[in-house]
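These are the residues of each chain, in order.
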Amino acid sequence: GGAVVNPVLPKIYVHDLPPILRTGRKSFDVEFDWALSSRMLLHPARTASPGAADYFWLVGPSSAGALVDKLNHIKAHHEVWNQSVADGRPRHLAMLLSERGPGDIFENSELVLG
């Protein structure tokens with residue numbers, strides 16, 4: 001037999017956002033995001049320390065307006081956003097369930113990471 005190799009998992013920090021930024025109308029994307037986020041909270045890759053994280057998950061549906069609101073909140077209240085951008089390695093993840101990309105639905109000024 002061979003040795004069992006445990007893969008090294010990336011560490012993911014799940015941002016605690018205000019309820020207004022984590023919820024939305026009852027729809028497939030809201031339910032899917034909640035199911036995915038719930039699994040992520042229990043996953044062995046999750047870390048409770050933003051300093052130890054490789055990536056940062058933004059909980060909640062990400063329609064055009066909701067994503068901009070979440071990004072503005074993160075930039076204002078979580079220094080890891082500013083540090084990851086300053087390091088030239090933005091590592092925040094958000095789910096966009098759409099046939100259109102963010103460049104199609106946002107003004108370019110709203111997508112600026114710095």
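Residues numbered from 1 in each chain as written. Predicted model: local features only at pLDDT ≥ 70, side-chain atom pairs only at ≥ 80, totals over all residues. Heavy atoms only, no water.

Caption draft 1: Molecular detail of the overall build of the chain. Counting secondary structure elements, the chain contains five helices and three strands. Start at the N end of the chain and walk to the C end: the helices and strands fall as β-α-α-β-α-α-β-α. Sequence separation of at least 24 residues holds for 77% of the intrachain contacts in the chain that already meet a minimum separation of 6. A total of about 7,400 Å² of accessible surface is found on the chain, and carbon and sulfur atoms cover 57% of it. (Helix = DSSP H or I, 4+ residues; strand = E, 2+ residues; numbered from the N terminus. Contact = heavy atoms within 4.5 Å. Areas by Shrake-Rupley, 256 points an atom, 1.4 Å probe, with all protein chains shown as cover.)

Caption draft 2: Fine view of the sheet that holds strand 2 (residues 55-57). Reading across from one edge, 1-2-3 is the order of the three strands in this open sheet, with parallel pairing throughout. Two strands bound the open sheet, and with one partner strand each, they are strand 1 (12-14) and strand 3 (92-93). Two strands pair when backbone bridges link them, and strand 2 and strand 3 are joined in this way by two bridges, in the parallel orientation. Paired with Trp 57 across the bridge in strand 3 is Leu 93. Against the sheet, helix 2 (residues 28-42) touches strand 1 and strand 2, its axis set at about 135 degrees to strand 2. (Pairing = 2+ DSSP bridges. Axes fitted to C-alpha atoms, helices over the stretch in contact; angles between N-to-C directions.)

Function cannot be inferred from these measures alone, as they are strictly geometric.
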